[in-house]
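Okay, here's what each chain looks like letter by letter:
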There are 2 protein chains.
Amino acid sequence: MTITGGGIGTGWGRARETERIVSSHADFWYWWADRQRAGHHHVERIPLTDLDQWHFDQRSGNLAHGSGRFFTVEGLHLLDGTQVRHAQPVINQPEIGILGILVRELDGVLHCLMQAKMEPGNLNTFQLSPTVQATRSNYTRVHQGNAVPFLEYFTADRGRAVVDVLQSEQGAWFWRKRNRNMVVLVDHDVAPHEDYRWIPLPLVLDLLGQDNLVNMDSRTVLSCLPIDPVDEEPATPLRSSQEILSWFTDAKARCAWHPRLVPLREVSAWERGTEHIGAEDGDFRIIGVRIESSGREVVTWSQPLLEPLGPGSSVLVIRKIDGVRHVLMQAKAQPGLLDLVEMGPTVQQLPGERPSDLEPPLRAVAAGQYGSSLYDTVQSEEGGRFHHAMTRYRLVEVGDDFPVSVSAEYCWLTFGQASALLRHGHYLNVEARTLIACLRHLL
Amino acid sequence: MTITGGGIGTGWGRARETERIVSSHADFWYWWADRQRAGHHHVERIPLTDLDQWHFDQRSGNLAHGSGRFFTVEGLHLLDGTQVRHAQPVINQPEIGILGILVRELDGVLHCLMQAKMEPGNLNTFQLSPTVQATRSNYTRVHQGNAVPFLEYFTADRGRAVVDVLQSEQGAWFWRKRNRNMVVLVDHDVAPHEDYRWIPLPLVLDLLGQDNLVNMDSRTVLSCLPIDPVDEEPATPLRSSQEILSWFTDAKARCAWHPRLVPLREVSAWERGTEHIGAEDGDFRIIGVRIESSGREVVTWSQPLLEPLGPGSSVLVIRKIDGVRHVLMQAKAQPGLLDLVEMGPTVQQLPGERPSDLEPPLRAVAAGQYGSSLYDTVQSEEGGRFHHAMTRYRLVEVGDDFPVSVSAEYCWLTFGQASALLRHGHYLNVEARTLIACLRHLL
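Residues numbered from 1 in each chain as written. Chains lettered and ligands numbered in written order. Predicted model: local features only at pLDDT ≥ 70, side-chain atom pairs only at ≥ 80, totals over all residues. Heavy atoms only, no water.

What follows covers the overall build of chain A. Looking only at helices and strands, chain A features 10 helices and 24 strands. The C-alpha radius of gyration of chain A comes to 22 Å, within 12% of the 22 Å expected for a compact globule of 443 residues. A principal-axis box enclosing the C-alpha atoms of chain A has dimensions of 70 × 60 × 35 Å. In chain A, which comprises 443 residues, the share counted as buried stands at 57%. When contacts within chain A are restricted to residue pairs at least 6 apart in sequence, long-range pairs at least 24 apart make up 73% of them. (Helix = DSSP H or I, 4+ residues; strand = E, 2+ residues; numbered from the N terminus. Rg over C-alpha atoms; globule rule 2.2 N^0.38 Å. Buried < 20%, exposed > 50% of the residue type's maximum accessible area, 1.4 Å probe, protein only. Contact = heavy atoms within 4.5 Å.)

This is the structure in structure tokens:
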């Protein structure tokens with residue numbers, strides 16, 4: 001891969017480009033502080049009944065926008081035969097959006113064009129976001145003003161797609177939500193923009209060590225980057241890729257859940273109140289927020305957000321088996337996933353879930369009483385839909401006393417095997433993908 | 001791969017095994033004729049209202065079995081925003097069944113344990129079927145008599161799974177139906193059974209040249225068999241595997257369909273009559289049949305079947321590009337597919353669909369006016385759910401005058417690329433898989 005120039009114009013462009021390259025932590029934080037100062041963003045909690053243009057549909061009880069766009073809060077029933085064994089509200093946004101990172105090789109190092117982006121649910125306003133986060137409504141209406149910068153690179157063959165895959169998002173809160181995860185490689189200058197910087201990939205990965213900085217959308221896209229063949233273990237994995245596929249197929253075939261999207265009014269334990277949608281034993285609620293954002297222009301809107309009532313926890317167990325590093329994946333069923341089962345981290349717990357439900361060695365790992373911690377950081381989940389949703393992500397390395405033989409819910413994969421599956425959608429869930437991105441940071 | 005013996009017991013078993021090996025067309029037809037004579041099977045059309053234990057649900061209008069088992073006939077709405085742009089009945093059978101072929105190497109040749117199996121919707125009663133076709137009800141109730149022969153090889157790790165993947169079935173007629181396609185390799189004798197024979201893989205593939213003989217379930221499992229590396233083209237494909245994945249992701253992202261399962265009574269253009277469920281412009285109807293089957297025991301039951309009102313047509317275009325054989329796949333959306341879009345044959349038409357909707361070169365291919373026919377055979381679709389459902393399958397080789405540049409709905413893949421995708425589910429639809437199996441027959 002070489003950077004091709006193009007005469008005087010490019011030389012000039014290159015000079016300006018340099019100003020928009022962040023090459024150290026100091027550079028990054030300088031730009032980041034500058035972005036915080038550049039605008040004023042205020043998010044205020046308001047009653048659901050005060051949301052502008054949002055209403056509870058008379059017939060279904062669903063919370064929806066008057067335009068029919070954006071998303072709806074509907075009901076989900078998990079059926080066992082004809083019996084409802086679990087019911088909850090769920091966010092339904094059937095559109096497929098684009099999460100895209102533009103990459104470019106500069107001085108032999110891959111750089112990512114990252115964005116300082118505000119989301120209403122972020123506890124810290126700004127997080128480091130992909131080049132593009134666009135809903136389908138965004139990208140099919142680009143000519144009506146408010147065009148999404150750099151979107152054309154992901155929709156019009158302006159570069160070479162090295163990642164392009166539909167990946168799921170939170171199966172506990174979304175109804176079959178997927179986004180198109182893309183990485184597009186360019187070899188020329190792009191238009192400058194104050195909210196964007198070219199950041200070397202190693203630095204982006206390093207920033208994953210900060211709490212609540214690299215947003216969920218960035219993490220999922222980064223996880224899908226193909227690994228450099230030189231980083232790949234030449235080693236013999238415990239299980240062949242066919243054995244892993246067979247284990248996964250078996251887990252799907254054993255899952256007898258039948259989820260259905262239903263009108264929210266049929267989720268009877270949840271109250272659709274003025275202030276929020278909630279239930280006595282619910283581990284989240286749906287709240288309303290009003291946002292006033294003043295950068296180059298003042299924008300005001302209001303929308304519902306899902307507020308988890310506590311942090312989640314995800315732990316990926318790592319162990320060397322015959323000298324080869326393996327991660328322990330779990331076949332995890334979640335009612336909102338398109339095909340119900342995807343591979344999750346070894347331990348994946350929603351707010352309120354207790355480690356006591358786990359098998360003994362995993363309980364000890366989850367409690368921090370066993371294994372050595374390689375990574376332990378709190379990250380935020382999607383701030384466009386969730387309010388202050390945080391997950392404590394951990395990578396824990398265990399020793400030879402941790403059993404290689406595990407129950408049918410679990411399977412050991414090498415990092416290379418996990419990465420290979422990420423070329424395809426619906427294998428690794430969004431929590432597992434965050435941890436795969438964090439694991440890259442350590443390699 | 002070697003066949004391991006095991007002393008006297010195995011030697012004796014091997015002698016009996018030999019009797020159950022079919023090694024020529026003549027052997028096959030001799031056994032096949034014998035199977036036809038072995039029992040009496042009578043299928044009779046009856047009114048839906050005469051079906052035993054099946055009824056139209058008062059509230060939903062769905063056609064269902066009193067036990068809540070088997071399958072239901074429900075409604076499907078295809079929404080454009082909140083507008084219903086298409087509505088039809090659909091078969092809903094959420095369980096994942098097993099379609100499994102047991103294979104074994106004998107004298108250096110892979111043999112498949114195939115079954116002569118009657119299905120009520122088969123126009124010729126018997127078709128050549130996989131070792132196991134089992135619904136989840138079958139295999140979770142195996143101890144209540146009527147055990148499915150050889151099922152234990154697919155549920156209890158008795159051999160090595162070389163194929164194990166969930167694959168979709170007809171997206172025009174089923175609601176998100178998938179089955180677990182398995183091939184399990186054994187190296188020892190299995191119990192003899194008169195309805196089963198070990199048939200060399202080349203002979204099974206050769207039998208694909210017969211009309212309506214190798215059933216749909218066999219064809220889909222055969223298509224998933226990994227290809228021998230020596231058969232694989234060493235050649236450079238037109239498009240890299242990443243380009244193919246990107247093309248496919250793009251097609252999915254562009255599909256704005258929103259299908260929903262609804263009560264059948266909401267499919268207003270379709271009449272739920274005494275004789276059948278049908279519509280004036282429908283290309284199928286739901287009928288009732290009663291089956292009396294007397295082999296070793298007499299079994300009688302009745303059930304609904306979906307009857308297409310004419311044959312379908314599927315054509316896969318093949319072209320050498322830079323000396324390498326490619327097939328032209330179509331990104332085909334169908335309302336009943338889990339993720340809506342899968343890769344279908346170049347031309348895929350339901351009864352009633354007209355070739356005149358196609359682009360000119362494809363219209364000529366579909367009309368048989370262009371290209372040379374490599375394969376042209378009528379095959380049956382699933383006889384357990386469809387009544388006399390037939391599709392004319394064709395492989396048509398075109399010359400250098402056929403354009404390499406195709407619209408965004410199409411993509412050229414090598415046979416090796418298509419086979420590699422079949423390790424994963426939901427890439428190639430069931431019609432494409434039949435044609436991939438047939439293509440093997442020619443290689």
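That was the structure; now back to the text.
This next bit is on the packing of aromatic side chains. By the definition in use, this model includes 30 aromatic pairs over all chains. Consider the rings of Trp247 of chain B and Phe248 of chain B, whose centres lie 6.4 Å apart with planes at 40°: the pair is tilted. The residues Trp247 of chain B and Phe248 of chain B share a single accessibility class, namely buried. Between Phe402 of chain B and Trp412 of chain B, the ring centres sit 6.0 Å apart and the planes meet at 85°, which makes this aromatic pair edge-to-face. Taken together, the residues span a long stretch of sequence, with Phe402 of chain B in the loop between strand 23 (390-398) and strand 24 (410-414) and Trp412 of chain B in strand 24 at a distance of 10 residues. Aromatic ring contacts, followed pair by pair, group Phe28, Trp29, Trp31, Trp32 and Phe126 of chain A into a single cluster. Against the face of Phe70 of chain A rests Arg69 of chain A, its NZ or CZ located 4.6 Å from the ring centre. (Phe/Tyr/Trp six-rings, centres within 6.5 Å; stacked < 30°, edge-to-face > 60°. Lys NZ or Arg CZ within 6 Å of the ring centre and 35° of its normal.)

Turning next to the relation of the copies chain A and chain B. Superposition record for chain A on chain B: RMSD 0.0 Å, screw rotation 180°, translation along axis 0.0 Å. Taken together, the rotation and translation relating the two chain copies correspond to the operation of a two-fold axis. Taking C-alpha positions as reference, the residue of chain A nearest the rotation axis is Leu338 of chain A, located at 3.8 Å. Mapped onto chain B, 100% of the interface residues of chain A again fall at the interface, so both copies present the same surface. (Least-squares fit on C-alpha atoms with pLDDT ≥ 70 in both.)

Residue and element names in this part refer to chain A. Looking at the secondary structure, you find Leu106 in strand 6 (residues 97-106). Look at Leu106 and you get buried, because its relative accessible area is 2%. Spatially, the C-alpha atom of Leu106 lies 9.5 Å from that of Ile21, the residues being 85 residues apart in sequence.

What follows deals with helix 7 (residues 241-254) of chain B. Residue and element names in this part refer to chain B. With 14 residues, helix 7 ought to run about 20 Å at 1.5 Å a step, and its terminal C-alpha atoms sit 20 Å apart, in line with that. For helix 7, the tally of buried residues reaches 10 of 14 residues, placing the bulk of the element in the interior. If you check which residues of helix 7 are buried, you get Gln242, Ile244, Leu245, Ser246, Trp247, Phe248, Thr249, Ala251, Lys252 and Ala253. (Expected span 1.5 Å × (residues − 1).)

Under the definition given, this model contains 38 salt bridges over all chains. Among the ionic pairs, Glu119 of chain A bridges to Lys117 of chain A, the shortest N-O distance being 3.3 Å. What you see here is one network of salt bridges that share partners, running through Asp164 and Arg180 of chain A together with Asp250, Arg254 and Glu409 of chain B. (Salt bridge = Lys/Arg side-chain N within 4 Å of Asp/Glu carboxyl O.)

Here the focus is the interface of chain A and chain B. Where interface size is given, it is often the accessible area lost as the parts come together that is meant. Taken residue by residue, the interface counts 34 residues in chain A and 34 residues in chain B. In total, chain A and chain B occlude about 2800 Å² of area from one another, counting both sides; carbon and sulfur atoms represent 44% of this. Contact with chain B buries surface across chain A, with Gln242, Ala253 and Arg423 of chain A losing the most and accounting together for 18% of the total. Here Asp339 of chain A and Arg178 of chain B are joined by a salt bridge, their closest N and O atoms 2.7 Å apart. Summed over the shared surface of chain A and chain B, the result is 15 residue pairs in polar contact (both at pLDDT 80 or more). Going through the elements one at a time, helix 3 (136-140), strand 10 (160-168), strand 11 (178-186), helix 7 (241-254) and strand 13 (258-262) of chain A are the ones with two or more residues in the side of chain A that touches chain B. If one sorts the elements of the side of chain A that touches chain B by residue count, helix 7 of chain A sits on top with nine residues. Considering only residue class, the side of chain A that touches chain B consists of 14 nonpolar, eight polar and 12 charged. (Buried area = accessible area lost by both parts, 1.4 Å probe. Polar contact = N/O pair within 3.5 Å; in protein donor to acceptor, adjacent residues only side chain to side chain. Nonpolar A, V, L, I, M, F, W, Y, C, P; charged D, E, K, R; others polar.)

Okay, unusual backbone geometry next. A positive phi angle, near 50°, is found at Asn212 of chain A, a position not held by glycine. Look at Asn212 of chain A and you get buried, because its relative accessible area is 9%. The phi torsion at His388 of chain B lies on the positive side, around 50°, for a residue other than glycine. Mapped onto the secondary structure, His388 of chain B falls in the loop between strand 22 (372-380) and strand 23.

All names here are of chain B. For the pair helix 6 (residues 216-223) and helix 10 (residues 430-442), interaxial distance at closest approach is 8 Å and the crossing angle is 70°. In terms of orientation, helix 6 lies roughly perpendicular with respect to helix 10. Considering only the axes of helix 6 and helix 10, their crossing is left-handed. Side by side, helix 6 and helix 10 meet where Met216, Arg219, Thr220, Leu222 and Ser223 of the first sit next to Val430, Arg433, Thr434, Ile436, Ala437 and Arg440 of the second. (Axes fitted to C-alpha atoms, helices over the stretch in contact; angles between N-to-C directions. Parallel < 35°, antiparallel > 145°, perpendicular 65-115°, else oblique. Left-handed = near helix turned anticlockwise from the far one by under 90°.)

This paragraph deals with the confidence of the model for chain A. Across chain A, the average pLDDT comes to 91, with 93% of residues at 70 or higher. The ipTM assigned to the predicted complex is 0.91, against a pTM of 0.92. (pLDDT = per-residue confidence, 0-100.)

Here helix 2 (residues 25-38) of chain B spans 20 Å end to end across 14 residues, near enough to the 20 Å set by a 1.5 Å rise per residue. Here the buried face of helix 2 of chain B lies against strand 7 (109-118), strand 8 (126-129), strand 12 (196-200) and helix 5 (201-207) of chain B.

Moving on, we come to the environment of Ser223 of chain A. Residues and elements named next belong to chain A. With respect to the element layout, Ser223 can be found in helix 6 (residues 216-223). Judged by relative accessible area, which is 1%, Ser223 ranks as buried. Sequence separation of Ser223 and Gly75 is 148 residues, and the distance between their C-alpha atoms is 31 Å. Polar contacts involving the side chain of Ser223 include one to the main-chain carbonyl oxygen of Thr220, which spans 2.7 Å.

All names here are of chain B. For Asp187, the position within the fold is in the loop between strand 11 (178-186) and strand 12. Accessibility expressed as a relative area gives 35% for Asp187, which makes it partly exposed. Along the sequence, Asp187 and Arg104 sit 83 residues apart, while their C-alpha atoms lie 5.9 Å from each other.

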